[in-house]
Structure formats: structure tokens, C-alpha cells
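Residues per chain are reported as follows:
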Amino acid sequence: MPLDIVVGAQWGDEGKGRMVDLFAEKASIVARYSGGDNAGHTVTVGEQIFKLHLVPSGLARPHTIGVLGNGVVVNPNTLLKEIKQLEEGGVSVSPDRLKISPAAHLITPAHRALDAAQEAMRGKDSIGTTMRGIGPAYMDKTARHGIRVAEMLDEEAFADRIEAHIKAANRLLTGIYDAEPLDAKVVAAEYLAYARILTPYIADTSRMIGEALQVGEKVLAEGAQGTLLDLDHGTYPYVTSSNPTAPGALIGLGVGPTWVNEVIGVAKAFQTRVGEGGFPTELDGEMATQLRGTGTNPWDEFGTTTGRPRRVGWLDLVLLRYAMRVNGFTHLTLTKMDILSGINPIRLCVGYKRNGVVYPDLPLGTYQMDAYYPVYEDLPGWEEDIQSAQKWEDLPVKCQNYVLRIQDVVGAPVGWISVGPEREQMVRMAELE
Ligand code: IMP
């Protein structure tokens, strides 16, 4: 029972958390491999609702061990808050249930301040980041002066490192960005306190995962963000600073490709995006409100991390097929299918057009995507409420046709369809081994 990867097929917020929750049933380890507390998962355990950004959402299952892999950037403040939140809700997050890679990098207040300063400097070209310091933390990593989790093990040297890091960042903040400096000693003392709590959580997570795979246990790699936010494959520069795509799981956990069993691409039955950047099938007006919801329900389209209303649009099969190529999905999951009930017709983007020429795939990946116009295929919608559907035959034929058309264009079988917010509201056509 090797490695299964759950990956966002769009711009994040596809509902990966609930698929991880479903698949975690059989997993012994659930591991985050990229990003940091820019992600947002709402996890329900019994009557309790947890809003998580960093801790793997699969940890809510009591038999699992959670991992923050080397590809993750860890904000210790967020981490401790989440540990507290879960513990208070009756979910144990002791050091034997959560392991952090020594090679993961730390996010500091300097990274957050730089994120805000850089966004302000970009002005109208801002990316619309989550302001969690993600970009600057990965910049330090690739510049080879980032602070790794392992450094917390040597308290004295760690405090000095944090102080020096803040002082260096202050030179950028004040000299380039005209922003306020941080108090290096205060931050160093704060981080020393975090280190004292977090050191028992540090473990060789790559080895742990390798050993689990060797003895046939299932390991679930829990994606954050989504394919189109990938630093290399996404809609650059309106992307995050890590690799949320499936190959990123291998680098971000320290596992070889031969262990991969399933790559499950999670896509909404329509499409959403938060932050700036191209979105050719974007809608506004009444249809947008219908797809987005009004914000009264937790599953309406408002960001878990930032509360921002999400941009919404028709499902883009050109981009989904692109996601299929860069991830190699073995199965697709379609979420929020119930939201499409009563919409007629339902549009699917099946190509792009520029200067009278229709392209089934974008000629240069997502480069200059905005210079093309979506080509739509209209499918008849269905009126029925599908929230109680449990199996394929329970879905109206028009809904089945919508799914079949997606499957056909993308080239991966649809294994699961979510038809409502509750755990059981899921049509299952496939089972993971
Ligand atoms: P950053 O990751 O905070 O640097 O933000 C870069 C872009 O990724 C922005 O457009 C964010 O809105 C977007 N983003 C980051 N994390 C998520 C997520 O978990 N869901 C959806 N969008 C995200």
C-alpha cells in the first residue's frame, strides 16, 4: 500500500481536505509536502470544527501520524496555535503524532513583513498573496540562507541566528521598502521559546516515510494550494512559491517516484480563484453569486485563510487537461457537483481562440493565457437535487453526461464526486487499495 498523492488540480480550494479525510481512513501517515500556513482546511471531527492552515488535515483521524515534510515552510506561531486548538478539541497532537522534518524551513515575522512590503511595492501588479510570508521564506531557502527547523536543536546558536536574520531583514525593510524594522532581540526570544516546545517534534521524516512504505503501510501526501499556483507550472507570476503539483510531493517529502501508487487530482465541478492573475472563464453577475454563495455557509466560496470572496467561473477543461499532464492523475475527484443543480446550460471550456484560430491546448502553457478567449461547449443542466446521491446510478443522466464529458477531454477516470458538505455526501466509483 504505497504512496498516494492528493493534489489540487486548479487554483487551490478544490476540497482536497475532505478527500484526504476520506483516504486517511487507510493511511498510517498523512504528510504535507509544500507551502505553509497559506493553505486553509476546515476539518470536522464529530461536532467539532477545526480551521487548520498548517497541520495536515489527516491528523484529525486518530490512528494517523502527521508529517510536515522538508518542502514545507513552518510558521511556529501558527503551528502552536493549531496544536492548542486541536488538543482543546480532544485531538492529541503529541510529539509522537506529529513529526517535523529537520530540513523544513521556518517562517519568521521578517518574512511576513517582507511579504507585505513586497506586495505594497508591486502596486497594481500585486499578486494578492495571503501575507503569510511564504514567498520571502522560500526566497531565503533558495538563496541558501534560510533557517531550517533543525537549527532549533542548538538553542544558543539558534537565538543568534534569528537575531542576525532579523537584523539583515531590517536593512531590506527600512532601506528598500520604507517599512518599519522589527525588534531583533524580541523576535529571537520569541523563537527561542518556540524552539523549546517544538524540538521534540523534529524527526527524520523522510526515513519514517521510507520505512512505512517498506513495510507496506499507506502514506498519503496531502497537497496544499493547486496546480495552477505551482511556481513552475502555474500561472506565473500569480503563483505561490512552492511546487504543489504531484512531483513536488517527492521532493517535499524525500521519497522516490517508484513508490507512487495513485495521484488523485481534486477539481471543483466549476472553477474558483483567490488573489490576482488570469482566469479566462471567470464569471460575474448573478451566475457568479449563485456559484459563490453568499458566505452564510462555511462551504461558500470565501477564503479560509483570508476570508476574501473567491472569483468563480466555468470549468476549464483546457487547464484541467494541462493539470493532468503535469501531475499524471490516476483518478479525478469532482467536488461541489451539487452546486450546479438548476443551472442550465452548463458551460465547459474546451479550447482557446486567438485571431480566429482555435487551440485545443494553450500553445505555450499558461504563458499569455489572457490573450486567448475560451471556446465553450454548452451542456444541458439538470434540475434535480443530487445531495443524497450515493452511487453513479443515483445521478441524473445530464449530470452523468457532464462527468463523462470531463473524463473524456481530460483523459482520467472520475473516481469520486462530492454532492454536499457532509462526509457521507459522496458518490464513489472507485476505491483506493
Ligand atoms: P502566497 O502563497 O501567500 O504567496 O500567495 C500567492 C498566491 O497563491 C495568491 O494568489 C494566493 O491567493 C494564492 N494562494 C496561496 N495559498 C492558497 C490556498 O491555499 N488556496 C488558494 N489560493 C492560495
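All values reported here derive from a predicted model rather than from experimental measurement. (Residues numbered from 1 in each chain as written. Predicted model: local features only at pLDDT ≥ 70, side-chain atom pairs only at ≥ 80, totals over all residues. Heavy atoms only, no water.)

**Student:** Let's hear about the site of the ligand: which residues, and what values?
**Tutor:** In the vicinity of the ligand there are 15 residues, among which Asp13, Asn38, Thr130, Thr240 and Arg308 approach most closely. Within the contact set of the ligand, an oxygen atom lies 2.6 Å away from a side-chain nitrogen or oxygen of Thr130. In the model, an oxygen atom of the ligand is placed 3.1 Å from a nitrogen or oxygen of the Arg308 side chain. Protein chains shield 97% of the accessible area of the ligand, which is 480 Å² for the free molecule. When the residues that make up the shell around the ligand are grouped by side-chain class, the tally is 6 nonpolar, 7 polar and 2 charged. (Near = heavy atom within 4 Å. Polar contact = N/O pair within 3.5 Å; in protein donor to acceptor, adjacent residues only side chain to side chain. Areas by Shrake-Rupley, 256 points an atom, 1.4 Å probe, with all protein chains shown as cover. Nonpolar A, V, L, I, M, F, W, Y, C, P; charged D, E, K, R; others polar.)

**Student:** I'd like to hear about the pattern of salt bridges, residue by residue, with values.
**Tutor:** Scanning the entire structure with this criterion turns up 25 salt bridges. Of the charged contacts, one joins Arg405 and Asp408 as a salt bridge, the two residues approaching to 3.4 Å between their closest N and O atoms. You can see Arg405 and its partner Asp408 sitting in helix H11 (residues 397–410), 3 residues apart, about one turn around the helix. A single network of salt bridges, built from pairs that share partners, joins Asp13, Lys268, Glu301, Arg310 and Lys336. (Salt bridge = Lys/Arg side-chain N within 4 Å of Asp/Glu carboxyl O. Helix = DSSP H or I, 4+ residues; strand = E, 2+ residues; numbered from the N terminus.)

**Student:** Which residues make up helix H1 (residues 16–23), and what are the values?
**Tutor:** Of all the 8 residues making up H1, 7 are buried; the element is thus mostly covered by neighbouring parts of the structure. For H1, every residue scored as buried is listed here: Lys16, Gly17, Met19, Val20, Asp21, Leu22 and Phe23. (Buried < 20%, exposed > 50% of the residue type's maximum accessible area, 1.4 Å probe, protein only.)

**Student:** With reference to specific residues and values, describe the packing of helix H5 (residues 155–175) against helix H6 (residues 184–198).
**Tutor:** In a packed pair of helices, the relevant descriptors are the angle between the two axes and the axis-to-axis distance. Packing of H5 against H6 leaves a shortest axis separation of 8 Å and a crossing angle of 140°. Where H5 crosses over H6, the handedness of that crossing is right-handed. Residues Glu155, Phe158, Ala159, Ile162, Glu163, Ile166 and Lys167 of H5 pack against Ala184, Lys185, Val187, Ala188, Tyr191, Leu192, Ala195 and Arg196 of H6. Tallied by class, the residues present in the contact of H5 with H6 amount to 10 nonpolar, no polar and 5 charged. (Axes fitted to C-alpha atoms, helices over the stretch in contact; angles between N-to-C directions. Left-handed = near helix turned anticlockwise from the far one by under 90°. Contact = heavy atoms within 4.5 Å.)

**Student:** Account for empty space enclosed by the protein, naming residues and giving values.
**Tutor:** Overall, the coordinates contain 2 cavities of 30 Å³ or more when judged by the stated rule. Around the largest cavity, the lining residues are Leu22, Phe23, Glu25, Lys26, Lys218, Trp416, Arg428, Glu431 and Leu432. Looking at the lining of the largest cavity residue by residue, the class counts come to 4 nonpolar, no polar and 5 charged. As for the second largest cavity, its lining consists of Val318, Leu319, Tyr322, Arg325, Asp361, Leu362, Gly365 and Thr366. In terms of residue class, the lining of the second largest cavity is made up of 4 nonpolar, 2 polar and 2 charged. (1 Å grid on protein atoms, 1.4 Å probe; cavity = no way out; pocket = protein on both sides within 12 Å on 5 of 7 lines; lining within 4 Å. Points joined across faces, edges and corners; volume = space filled by probe spheres on them.)

**Student:** Help me get a handle on the packing of helix H10 (residues 317–327) against H11, residues and values and all.
**Tutor:** Close contact between H10 and H11 brings their axes to 9 Å; oriented N to C, the two are set at 50°. As judged from the angle between their axes, H10 and H11 are oblique. When you trace H10 past H11, the crossing you get is right-handed. Judged by residue contacts, Leu317, Leu320, Arg321 and Met324 of H10 engage Arg405, Ile406, Val409 and Val410 from H11. Counted by class, the contact of H10 with H11 contains 6 nonpolar, no polar and 2 charged residues. (Parallel < 35°, antiparallel > 145°, perpendicular 65-115°, else oblique.)

**Student:** Give a description of the layout of surface pockets that names residues and reports values.
**Tutor:** Estimated volume of the second largest pocket: approximately 270 Å³. Around the second largest pocket, the lining comprises 15 residues; the ones closest to its centre are Leu114, Asp140, His145, His165 and Leu172. Of all elements in the fold, only helix H3 (109–122), helix H4 (134–142) and H5 reach the threshold of two or more residues within the lining of the second largest pocket. If one sorts the elements of the lining of the second largest pocket by residue count, H5 sits on top with 6 residues.

**Student:** Can you tell me about unusual backbone geometry, naming the residues and giving the values?
**Tutor:** In this chain, Tyr236 is followed by Pro237 through a cis amide linkage whose omega measures 5°. We note that Asp13 has phi near 60°; this positive angle belongs to a residue other than glycine. Looking at the element boundaries, Asp13 is found in the loop between strand S1 (3–8) and H1. According to the relative accessible area criterion, Asp13 is partly exposed, its value standing at 24%.

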